[in-house]
Amino acid sequence: MTGLLLLAASFGWIAVSPVDMSYARIVGQMVLMGFGLGMTTATATESILSVLPPAKAGVGSAVNDATREAGGTLGVAVLGSIFTSLYADHLGSTSFSKLAPGALDGAKNSLARALGVVGGAPSSVRAPLLDGVQTSFLHGFHVACIVAAAICLAGAAGASLLPGRIAPRVEAEPELVGAQA
């Protein structure tokens, strides 16, 4: 649960970051995310493998890998779709809306094309075009990070409702009477 909360905190922190943030801030965000991811994946692996006998460890490892791959793929698809749709929609409401439809469509489909349009534009309109690309990118990125943080918080809430495992009781060895060390 702690790992999911750290992941949620890192996504939340990223969601409020400006376009011109320092490298130190990025490192802090990534370290926090790394700790959260490490704590989450380790405990998820342990929860899958701990319920299986050693003879079935290979099956448990395969299930663990499959769920991680499926979750990663779905996460990228869902968050990528959110980002892309918001980026394209927002870009159409910036100074790009004054460009020819072909240039706008290309810029909506590709950040590299959008930056290419900015680079090829007359110097008098480059600043507003660049601002449009940056604000559109950050709009989509920030919302996708908020969604990711919400998913992590939902996972942490769900994990808090799961029953805890009771630690096995360790019996103390009886003392040997008259034993020598």
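Use the structure listed above.
Remember, predicted model here, so these are calculated numbers, not experimental data. (Residues numbered from 1 in each chain as written. Predicted model: local features only at pLDDT ≥ 70, side-chain atom pairs only at ≥ 80, totals over all residues. Heavy atoms only, no water.)

Undergrad: Could you clarify how one ought to interpret the state of the cysteines in this entry?
TA: Think of a disulfide as a covalent bridge from one cysteine sulfur atom to another cysteine sulfur atom. Under the criterion given, the structure shown has 0 disulfides. Summary of cysteine pairing: Cys-145 is not part of a disulfide, and the nearest cysteine sulfur, belonging to Cys-152, is at 10 Å. With relative accessibility at 5%, the residue Cys-145 sits in the buried group. Looking at Cys-152, the relative accessible area reads 9%, which means it is buried. (Disulfide = S-S within 2.5 Å. Buried < 20%, exposed > 50% of the residue type's maximum accessible area, 1.4 Å probe, protein only.)

Undergrad: Where do I start with the packing of helix α2 (residues 23-49) against helix α3 (residues 57-91) in this structure?
TA: As a packed pair, α2 and α3 sit with axes 9 Å apart at the nearest point and diverge in direction by 140 degrees. For the element pair α2 / α3, the angle class is oblique. The crossing of α2 and α3 is right-handed. Contacts between α2 and α3 pair Thr-41, Ala-44, Thr-45, Ile-48 and Leu-49 from the former with Ala-57, Gly-60, Ser-61, Asn-64, Thr-67 and Arg-68 from the latter. (Axes fitted to C-alpha atoms, helices over the stretch in contact; angles between N-to-C directions. Helix = DSSP H or I, 4+ residues; strand = E, 2+ residues; numbered from the N terminus. Parallel < 35°, antiparallel > 145°, perpendicular 65-115°, else oblique. Left-handed = near helix turned anticlockwise from the far one by under 90°. Contact = heavy atoms within 4.5 Å.)

Undergrad: What is the right way to read the environment of Ser-17 from this model?
TA: Tracing the backbone shows Ser-17 in the loop between α1 (2-15) and α2. Residues Ser-17 and Leu-138 lie 121 residues apart in sequence; the distance between their C-alpha atoms is 8.7 Å. Excluding anything up to four places from it in sequence, Ser-17 contacts Arg-25, Gln-29 and His-142.

Undergrad: Would you mind going over the packing of α3 against helix α6 (residues 123-161) with me for this structure?
TA: Helix-helix packing is described using two parameters, namely the angle between the two axes and the distance between the axes. Viewed as axis vectors pointing N to C, α3 and α6 meet at an angle of 150 degrees, and their least axial separation amounts to 8 Å. By the criterion of interaxial angle, the relationship of α3 to α6 is roughly antiparallel. Crossing handedness for the pair α3 and α6: right-handed. Across from Leu-79, Ile-82, Phe-83, Leu-86, Tyr-87, His-90 and Leu-91 in α3, the residues of α6 making contact are Gly-132, Val-133, Thr-135, Ser-136, Phe-137, His-139, Gly-140, Phe-141, Val-143, Ala-144, Val-147 and Ala-148.

Undergrad: So what exactly am I meant to see when it comes to the packing of aromatic side chains here?
TA: Tallied over the full model, the rule gives 3 aromatic pairs. Consider the rings of Phe-83 and Tyr-87, whose centres lie 5.9 Å apart with planes at 15 degrees: the pair is stacked. Of this pair, Phe-83 and Tyr-87 both sit in helix α3, 4 residues apart, roughly one helical turn. Centre to centre, the rings of Phe-137 and Phe-141 are 5.8 Å apart; their planes meet at 20 degrees, and the pair counts as stacked. Taken together, the residues Phe-137 and Phe-141, both in helix α6 and 4 residues apart, mark about one turn of the helix. (Phe/Tyr/Trp six-rings, centres within 6.5 Å; stacked < 30°, edge-to-face > 60°.)

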